[in-house]
Amino acid sequence: MKNVKGKTAFITGAASGMGLGMARAFANAGMKLMLADIDQEQLAEVEKEFKANKIDVGTIVCDVTQRDQVVAAADATIERFGKVHVLCNNAGINVGGTYEELSQQDWDWVIGVNQLGVQYGISAFLPKIKLHGEEGHIMSTFSMAGMVNAGPGWAPYNASKFAVVIMSEVLKSELKGTDIGVSVLCPGAVSTNIIDAAKHRPEEFGSSGDKPAIPGDDMAQFLELGLDPDVVGRLVLEGILQNQFYLFTDPRMLKAVERRFDKIRQGFEWSAHSQSLVDSKAPGADVAVEYL
Ligand SMILES: NC(=O)c1ccc[n+]([C@@H]2O[C@H](COP(=O)([O-])OP(=O)(O)OC[C@H]3O[C@@H](n4cnc5c(N)ncnc54)[C@H](O)[C@@H]3O)[C@@H](O)[C@H]2O)c1
(Lines give C-alpha, C1' and ligand atoms only; values in the text may rest on other atoms or scores of the structure.)
Protein backbone atom coordinates (compact mmCIF):
# COMPACT_ATOMS: atom_id res chain seq x y z
CA MET A 1 0.00 0.00 0.00
CA LYS A 2 1.30 3.44 -0.81
CA ASN A 3 -0.79 5.20 1.78
CA VAL A 4 -2.43 3.85 4.94
CA LYS A 5 -3.75 7.10 6.47
CA GLY A 6 -7.50 6.88 7.10
CA LYS A 7 -7.57 3.18 6.09
CA THR A 8 -8.88 0.41 8.37
CA ALA A 9 -6.87 -2.47 9.80
CA PHE A 10 -8.26 -5.62 11.43
CA ILE A 11 -5.81 -7.44 13.74
CA THR A 12 -6.23 -10.75 15.57
CA GLY A 13 -4.39 -11.36 18.84
CA ALA A 14 -4.41 -7.57 19.19
CA ALA A 15 -4.66 -7.39 22.98
CA SER A 16 -1.02 -8.32 23.63
CA GLY A 17 2.48 -8.64 22.23
CA MET A 18 3.07 -8.14 18.53
CA GLY A 19 -0.62 -7.63 17.63
CA LEU A 20 -0.72 -4.72 20.05
CA GLY A 21 2.58 -3.46 18.62
CA MET A 22 1.03 -3.48 15.14
CA ALA A 23 -2.06 -1.63 16.41
CA ARG A 24 0.14 1.08 17.95
CA ALA A 25 2.22 1.48 14.78
CA PHE A 26 -0.88 1.62 12.56
CA ALA A 27 -2.58 4.15 14.88
CA ASN A 28 0.51 6.37 14.71
CA ALA A 29 0.24 6.25 10.92
CA GLY A 30 -3.36 7.51 11.07
CA MET A 31 -5.19 4.22 10.57
CA LYS A 32 -8.52 3.16 12.05
CA LEU A 33 -8.39 -0.04 14.08
CA MET A 34 -10.62 -3.06 14.59
CA LEU A 35 -8.94 -5.12 17.31
CA ALA A 36 -9.89 -8.77 17.85
CA ASP A 37 -8.81 -11.09 20.64
CA ILE A 38 -10.10 -14.01 22.68
CA ASP A 39 -9.12 -12.21 25.92
CA GLN A 40 -12.03 -9.84 26.63
CA GLU A 41 -10.48 -8.24 29.71
CA GLN A 42 -7.16 -7.44 28.09
CA LEU A 43 -8.95 -6.21 24.97
CA ALA A 44 -10.94 -3.72 27.10
CA GLU A 45 -7.66 -2.42 28.62
CA VAL A 46 -6.15 -1.94 25.20
CA GLU A 47 -9.28 -0.20 23.92
CA LYS A 48 -8.94 2.33 26.76
CA GLU A 49 -5.35 3.08 25.72
CA PHE A 50 -6.36 3.86 22.13
CA LYS A 51 -9.48 5.81 23.05
CA ALA A 52 -7.41 7.95 25.44
CA ASN A 53 -5.19 8.75 22.46
CA LYS A 54 -8.25 9.68 20.34
CA ILE A 55 -7.77 6.75 17.95
CA ASP A 56 -10.83 5.58 16.01
CA VAL A 57 -10.95 2.05 17.41
CA GLY A 58 -13.43 -0.82 17.56
CA THR A 59 -12.94 -4.11 19.41
CA ILE A 60 -14.46 -7.55 19.10
CA VAL A 61 -14.04 -10.71 21.14
CA CYS A 62 -13.24 -13.38 18.59
CA ASP A 63 -11.83 -16.89 18.90
CA VAL A 64 -10.08 -17.51 15.58
CA THR A 65 -10.63 -21.28 15.89
CA GLN A 66 -14.35 -20.59 15.35
CA ARG A 67 -15.02 -19.83 11.68
CA ASP A 68 -18.44 -18.26 12.41
CA GLN A 69 -16.81 -15.83 14.88
CA VAL A 70 -14.23 -14.75 12.30
CA VAL A 71 -16.96 -14.24 9.69
CA ALA A 72 -18.99 -12.23 12.25
CA ALA A 73 -15.88 -10.14 13.05
CA ALA A 74 -15.44 -9.33 9.35
CA ASP A 75 -19.09 -8.25 9.11
CA ALA A 76 -18.74 -6.18 12.30
CA THR A 77 -15.68 -4.43 10.86
CA ILE A 78 -17.64 -3.37 7.76
CA GLU A 79 -20.58 -2.30 9.89
CA ARG A 80 -18.30 -0.16 12.07
CA PHE A 81 -15.96 1.33 9.43
CA GLY A 82 -17.60 0.74 6.03
CA LYS A 83 -14.43 -0.77 4.54
CA VAL A 84 -11.46 -2.86 5.59
CA HIS A 85 -8.02 -2.58 3.95
CA VAL A 86 -5.49 -4.44 6.10
CA LEU A 87 -5.89 -7.89 7.66
CA CYS A 88 -3.32 -9.08 10.21
CA ASN A 89 -3.72 -12.77 11.05
CA ASN A 90 -1.55 -12.64 14.11
CA ALA A 91 -3.17 -14.64 16.96
CA GLY A 92 -1.00 -17.61 17.88
CA ILE A 93 -0.43 -20.04 20.74
CA ASN A 94 1.49 -23.20 21.48
CA VAL A 95 1.61 -26.27 23.65
CA GLY A 96 4.90 -28.11 23.70
CA GLY A 97 5.44 -31.84 23.88
CA THR A 98 6.63 -34.86 21.95
CA TYR A 99 4.31 -37.00 19.80
CA GLU A 100 3.92 -39.35 22.75
CA GLU A 101 3.12 -36.56 25.21
CA LEU A 102 0.67 -34.53 23.14
CA SER A 103 -3.04 -35.30 23.03
CA GLN A 104 -5.22 -35.01 19.95
CA GLN A 105 -6.78 -31.92 21.57
CA ASP A 106 -3.32 -30.34 21.87
CA TRP A 107 -2.83 -30.82 18.13
CA ASP A 108 -6.34 -29.59 17.31
CA TRP A 109 -5.87 -26.43 19.35
CA VAL A 110 -2.48 -25.49 17.88
CA ILE A 111 -3.56 -26.21 14.30
CA GLY A 112 -6.96 -24.58 14.99
CA VAL A 113 -5.50 -21.24 16.13
CA ASN A 114 -2.27 -21.01 14.15
CA GLN A 115 -3.29 -22.51 10.81
CA LEU A 116 -7.08 -22.70 10.42
CA GLY A 117 -7.44 -19.31 12.16
CA VAL A 118 -5.32 -17.80 9.38
CA GLN A 119 -7.34 -19.52 6.67
CA TYR A 120 -10.64 -18.37 8.23
CA GLY A 121 -9.26 -14.83 8.29
CA ILE A 122 -8.19 -14.83 4.65
CA SER A 123 -11.42 -16.48 3.45
CA ALA A 124 -13.63 -14.04 5.40
CA PHE A 125 -11.73 -10.81 4.70
CA LEU A 126 -10.36 -11.16 1.17
CA PRO A 127 -13.76 -10.67 -0.56
CA LYS A 128 -14.37 -7.58 1.59
CA ILE A 129 -10.94 -6.12 0.75
CA LYS A 130 -11.49 -6.81 -2.97
CA LEU A 131 -14.98 -5.30 -2.95
CA HIS A 132 -13.96 -1.65 -2.48
CA GLY A 133 -11.31 -1.75 -5.20
CA GLU A 134 -8.81 0.30 -3.17
CA GLU A 135 -5.38 -0.90 -2.04
CA GLY A 136 -5.24 -3.61 0.59
CA HIS A 137 -2.82 -5.92 2.39
CA ILE A 138 -2.98 -9.31 4.10
CA MET A 139 -0.27 -10.02 6.67
CA SER A 140 0.04 -13.27 8.60
CA THR A 141 2.41 -14.03 11.46
CA PHE A 142 4.42 -17.21 11.24
CA SER A 143 7.74 -17.94 12.99
CA MET A 144 11.27 -19.17 12.46
CA ALA A 145 9.46 -22.44 13.29
CA GLY A 146 7.92 -22.04 9.82
CA MET A 147 11.39 -22.06 8.25
CA VAL A 148 13.33 -24.63 10.27
CA ASN A 149 12.83 -27.51 12.69
CA ALA A 150 12.50 -25.99 16.17
CA GLY A 151 13.50 -29.29 17.82
CA PRO A 152 11.80 -32.05 19.82
CA GLY A 153 8.41 -31.08 21.24
CA TRP A 154 7.55 -28.52 18.56
CA ALA A 155 5.77 -30.62 15.91
CA PRO A 156 2.28 -29.00 15.94
CA TYR A 157 3.70 -25.48 16.17
CA ASN A 158 6.25 -26.18 13.44
CA ALA A 159 3.57 -27.73 11.21
CA SER A 160 1.13 -24.85 11.71
CA LYS A 161 3.76 -22.19 11.01
CA PHE A 162 5.10 -23.92 7.88
CA ALA A 163 1.46 -23.96 6.72
CA VAL A 164 1.08 -20.21 7.24
CA VAL A 165 4.08 -19.34 5.10
CA ILE A 166 3.08 -21.60 2.20
CA MET A 167 -0.58 -20.52 2.37
CA SER A 168 0.63 -16.92 2.08
CA GLU A 169 2.99 -17.73 -0.80
CA VAL A 170 0.04 -19.24 -2.69
CA LEU A 171 -2.16 -16.24 -1.80
CA LYS A 172 0.50 -13.90 -3.18
CA SER A 173 0.50 -15.80 -6.48
CA GLU A 174 -3.31 -15.66 -6.61
CA LEU A 175 -3.30 -11.87 -6.00
CA LYS A 176 -0.62 -11.09 -8.60
CA GLY A 177 -1.63 -8.04 -10.64
CA THR A 178 -4.04 -6.72 -7.98
CA ASP A 179 -3.57 -3.87 -5.51
CA ILE A 180 -3.65 -6.29 -2.59
CA GLY A 181 -0.24 -7.05 -1.12
CA VAL A 182 0.71 -10.05 0.99
CA SER A 183 3.32 -10.38 3.72
CA VAL A 184 4.43 -12.93 6.26
CA LEU A 185 5.98 -11.87 9.55
CA CYS A 186 8.66 -14.21 10.82
CA PRO A 187 9.51 -13.28 14.42
CA GLY A 188 12.67 -14.60 15.99
CA ALA A 189 12.61 -13.98 19.74
CA VAL A 190 10.17 -11.26 20.78
CA SER A 191 9.41 -10.36 24.37
CA THR A 192 5.64 -11.05 24.61
CA ASN A 193 3.21 -13.06 26.75
CA ILE A 194 3.20 -16.19 24.54
CA ILE A 195 4.61 -18.21 27.43
CA ASP A 196 1.16 -17.85 29.08
CA ALA A 197 -0.65 -19.21 26.02
CA ALA A 198 -2.50 -21.89 28.04
CA LYS A 199 -4.55 -19.06 29.61
CA HIS A 200 -6.28 -18.62 26.25
CA ARG A 201 -7.11 -22.28 25.69
CA PRO A 202 -10.89 -22.66 25.23
CA GLU A 203 -12.62 -25.45 27.19
CA GLU A 204 -13.53 -27.44 24.08
CA PHE A 205 -9.80 -28.04 23.49
CA GLY A 206 -9.26 -29.44 27.00
CA SER A 207 -6.29 -28.41 29.11
CA SER A 208 -2.54 -28.02 28.52
CA GLY A 209 -1.96 -29.62 31.95
CA ASP A 210 1.67 -29.16 32.93
CA LYS A 211 2.85 -29.04 29.32
CA PRO A 212 4.67 -25.76 28.66
CA ALA A 213 3.90 -23.33 25.84
CA ILE A 214 7.61 -23.04 25.14
CA PRO A 215 9.47 -26.33 25.57
CA GLY A 216 12.98 -26.01 26.99
CA ASP A 217 14.20 -23.55 29.70
CA ASP A 218 16.62 -21.88 27.32
CA MET A 219 13.81 -21.03 24.89
CA ALA A 220 11.78 -19.22 27.56
CA GLN A 221 14.83 -17.15 28.51
CA PHE A 222 15.57 -16.56 24.82
CA LEU A 223 12.07 -15.01 24.44
CA GLU A 224 12.45 -12.87 27.56
CA LEU A 225 15.55 -11.30 26.04
CA GLY A 226 13.76 -10.80 22.75
CA LEU A 227 12.85 -7.76 20.71
CA ASP A 228 10.30 -5.17 21.87
CA PRO A 229 6.96 -6.02 20.18
CA ASP A 230 6.41 -2.33 19.34
CA VAL A 231 9.51 -2.49 17.11
CA VAL A 232 7.92 -5.47 15.35
CA GLY A 233 4.73 -3.42 14.86
CA ARG A 234 6.75 -0.71 13.09
CA LEU A 235 8.52 -3.33 10.96
CA VAL A 236 5.13 -4.68 9.83
CA LEU A 237 3.94 -1.18 8.87
CA GLU A 238 7.16 -0.62 6.90
CA GLY A 239 6.66 -3.96 5.15
CA ILE A 240 3.07 -3.12 4.19
CA LEU A 241 4.09 0.29 2.81
CA GLN A 242 6.87 -1.30 0.75
CA ASN A 243 4.90 -4.41 -0.22
CA GLN A 244 7.66 -6.61 1.18
CA PHE A 245 6.68 -10.28 1.39
CA TYR A 246 9.04 -11.86 3.98
CA LEU A 247 9.50 -9.81 7.14
CA PHE A 248 12.17 -11.23 9.47
CA THR A 249 12.67 -9.71 12.92
CA ASP A 250 16.12 -11.27 13.25
CA PRO A 251 18.08 -11.33 9.98
CA ARG A 252 20.94 -13.25 11.70
CA MET A 253 18.72 -16.34 11.62
CA LEU A 254 19.39 -16.72 7.89
CA LYS A 255 22.18 -19.10 8.99
CA ALA A 256 19.62 -21.57 10.40
CA VAL A 257 17.69 -21.55 7.11
CA GLU A 258 20.92 -22.10 5.15
CA ARG A 259 21.76 -25.11 7.34
CA ARG A 260 18.32 -26.59 6.56
CA PHE A 261 18.78 -26.05 2.83
CA ASP A 262 22.23 -27.64 2.94
CA LYS A 263 20.58 -30.80 4.31
CA ILE A 264 17.88 -30.66 1.61
CA ARG A 265 20.55 -30.16 -1.07
CA GLN A 266 22.39 -33.21 0.25
CA GLY A 267 19.13 -35.16 -0.13
CA PHE A 268 18.80 -34.12 -3.78
CA GLU A 269 22.42 -35.07 -4.45
CA TRP A 270 21.99 -38.47 -2.81
CA SER A 271 18.78 -39.09 -4.80
CA ALA A 272 20.39 -38.06 -8.10
CA HIS A 273 22.92 -40.90 -7.68
CA SER A 274 20.54 -43.48 -6.23
CA GLN A 275 20.55 -46.74 -8.13
CA SER A 276 16.74 -46.88 -8.35
CA LEU A 277 16.46 -43.52 -10.10
CA VAL A 278 19.54 -43.98 -12.27
CA ASP A 279 18.10 -47.31 -13.49
CA SER A 280 14.60 -45.91 -14.08
CA LYS A 281 15.67 -42.89 -16.23
CA ALA A 282 12.34 -41.31 -15.07
CA PRO A 283 11.03 -38.80 -17.63
CA GLY A 284 9.02 -35.66 -16.91
CA ALA A 285 11.33 -33.87 -14.46
CA ASP A 286 12.14 -31.01 -16.84
CA VAL A 287 8.45 -30.19 -17.17
CA ALA A 288 8.02 -30.14 -13.40
CA VAL A 289 11.08 -27.91 -12.88
CA GLU A 290 9.72 -25.43 -15.45
CA TYR A 291 6.29 -25.36 -13.73
CA LEU A 292 7.69 -24.77 -10.23
N1 LIG B 1 6.99 -14.13 20.89
C2 LIG B 1 7.78 -14.70 20.04
O3 LIG B 1 9.00 -14.74 20.23
C4 LIG B 1 7.23 -15.31 18.79
C5 LIG B 1 8.13 -15.92 17.90
C6 LIG B 1 7.64 -16.43 16.70
C7 LIG B 1 6.29 -16.32 16.39
N8 LIG B 1 5.42 -15.74 17.26
C9 LIG B 1 4.03 -15.60 16.86
O10 LIG B 1 3.62 -14.26 17.03
C11 LIG B 1 2.20 -14.19 17.13
C12 LIG B 1 1.80 -13.24 18.24
O13 LIG B 1 2.14 -13.81 19.50
P14 LIG B 1 2.85 -12.99 20.66
O15 LIG B 1 4.21 -13.51 20.80
O16 LIG B 1 2.63 -11.54 20.48
O17 LIG B 1 2.04 -13.58 21.93
P18 LIG B 1 1.03 -12.95 22.99
O19 LIG B 1 0.58 -14.09 23.81
O20 LIG B 1 1.63 -11.78 23.67
O21 LIG B 1 -0.19 -12.45 22.08
C22 LIG B 1 -1.06 -13.36 21.43
C23 LIG B 1 -2.50 -12.85 21.54
O24 LIG B 1 -3.34 -13.81 20.85
C25 LIG B 1 -4.53 -13.96 21.61
N26 LIG B 1 -5.16 -15.26 21.29
C27 LIG B 1 -4.81 -16.49 21.71
N28 LIG B 1 -5.65 -17.41 21.24
C29 LIG B 1 -6.54 -16.75 20.46
C30 LIG B 1 -7.66 -17.16 19.70
N31 LIG B 1 -8.04 -18.45 19.64
N32 LIG B 1 -8.36 -16.22 19.01
C33 LIG B 1 -8.01 -14.91 19.10
N34 LIG B 1 -6.96 -14.46 19.82
C35 LIG B 1 -6.24 -15.37 20.50
C36 LIG B 1 -4.08 -13.88 23.06
O37 LIG B 1 -5.16 -13.56 23.93
C38 LIG B 1 -3.01 -12.78 22.98
O39 LIG B 1 -3.60 -11.50 23.22
C40 LIG B 1 1.74 -15.62 17.28
O41 LIG B 1 1.22 -16.08 16.04
C42 LIG B 1 2.99 -16.38 17.64
O43 LIG B 1 2.95 -17.73 17.25
C44 LIG B 1 5.87 -15.26 18.47
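Residues numbered from 1 in each chain as written. Predicted model: local features only at pLDDT ≥ 70, side-chain atom pairs only at ≥ 80, totals over all residues.

Colleague: Give a detailed account of the overall build of the chain, specifying residues and quantitative values.
Modeller: Counting secondary structure elements, the chain contains 10 helices and 7 strands. A globule of 292 residues ought to have a C-alpha radius of gyration of about 19 Å, and the chain, at 20 Å, matches this closely. Across its three principal axes, the chain shows a C-alpha extent of roughly 70 × 50 × 35 Å. Within the chain, the proportion of its 292 residues that are buried is 41%. (Helix = DSSP H or I, 4+ residues; strand = E, 2+ residues; numbered from the N terminus. Rg over C-alpha atoms; globule rule 2.2 N^0.38 Å. Buried ≥ 20, exposed ≤ 12 C-beta atoms within 10 Å, placed from the backbone.)

Colleague: Could you give me a rundown of the pairing of strand β3 (residues 57-61), with the residues and numbers involved?
Modeller: With 5 bridges joining them, strand β2 (residues 32-37) and β3 adopt parallel strand pairing. The residue of β3 that forms the bridge with L33 is V57. (Pairing = 2+ DSSP bridges.)

Colleague: Account for the site of the ligand, with residues named and values stated.
Modeller: The full set close to the ligand counts 33 residues, and G13, S16, G17, G92 and T192 are the nearest of them. Grouping the amino acids of the shell around the ligand by side-chain chemistry returns 15 nonpolar, 15 polar and 3 charged. (Near = placed C-beta within 6 Å. Nonpolar A, V, L, I, M, F, W, Y, C, P; charged D, E, K, R; others polar.)

Colleague: Residues and numbers for the domain arrangement of the chain, please.
Modeller: When cut into domains, the chain gives domain 1 (8-249) and domain 2 (254-292). Domain 1 and domain 2 are separated by 34 Å when their C-alpha centres are compared. (Domains from an automatic or database assignment.)

Colleague: If you had to explain the sheet that holds strand β1 (residues 8-12) to someone new, which residues and values would you point to?
Modeller: One open sheet holds the 7 strands; their spatial order is β3-β2-β1-β4-β5-β6-β7, and the pairing between them is parallel. Whereas interior strands pair on both sides, the edge strands pair on one side only; in this sheet they are β3 and β7 (246-248). Averaged over all adjacent pairs, the angle separating strand axes in this sheet is 15°, with direction ignored. Of the strand pairs in this sheet, β1 and β2 are connected by 5 bridges, and their pairing is parallel. In the strand pairing of β2, T12 is matched with A36. Each of β1, β4 (86-89), β5 (136-141) and β6 (180-186) is contacted by helix α4 (residues 104-131), which is oriented at about 175° to β4, the strand it contacts most. Lying over the sheet, helix α7 (residues 229-241) contacts β4, β5, β6 and β7, oriented at roughly 150° with respect to β6. (Axes fitted to C-alpha atoms, helices over the stretch in contact; angles between N-to-C directions. Contact = placed C-beta atoms within 7 Å.)

Colleague: Describe unusual backbone geometry, and please don't skip the residues or the numbers.
Modeller: Located in the positive-phi region is K54, a residue other than glycine, with phi close to 60°. Mapped onto the fold, K54 is located in the loop between α2 (40-52) and β3. Note on K54: 8 C-beta atoms within 10 Å, which makes it exposed. With a phi angle near 45°, N243 is a residue other than glycine that sits in the positive phi range. In this structure, N243 sits in the loop between α7 and β7. By C-beta crowding, N243 is classed as partly exposed, having 16 other C-beta atoms within 10 Å.

Colleague: Please set out the environment of F26 residue by residue, giving values where relevant.
Modeller: Note that F26 resides in helix α1 (residues 17-28). A residue is classified by how many C-beta atoms lie within 10 Å of it, and F26, with 25 of them, is buried. When the C-alpha atoms of F26 and D218 are compared, they prove to be 33 Å apart, with 192 residues separating the residues in sequence.

Colleague: I'd like a rundown of α1, residues and numbers included.
Modeller: Between its first and last C-alpha, α1 extends 17 Å over 12 residues, near the 16 Å set by a 1.5 Å rise per residue. Counting buried positions over the 12 residues of α1 gives 11, a clear majority of the element. By the burial criterion, the buried members of α1 are G17, M18, G19, L20, G21, M22, A23, R24, A25, F26 and A27. As for α1, its buried residues are in contact with β1, β2, α2, β4, β5 and α7. Looking one or two places after α1, you find G30, whose phi comes out positive at around 85°. (Expected span 1.5 Å × (residues − 1).)

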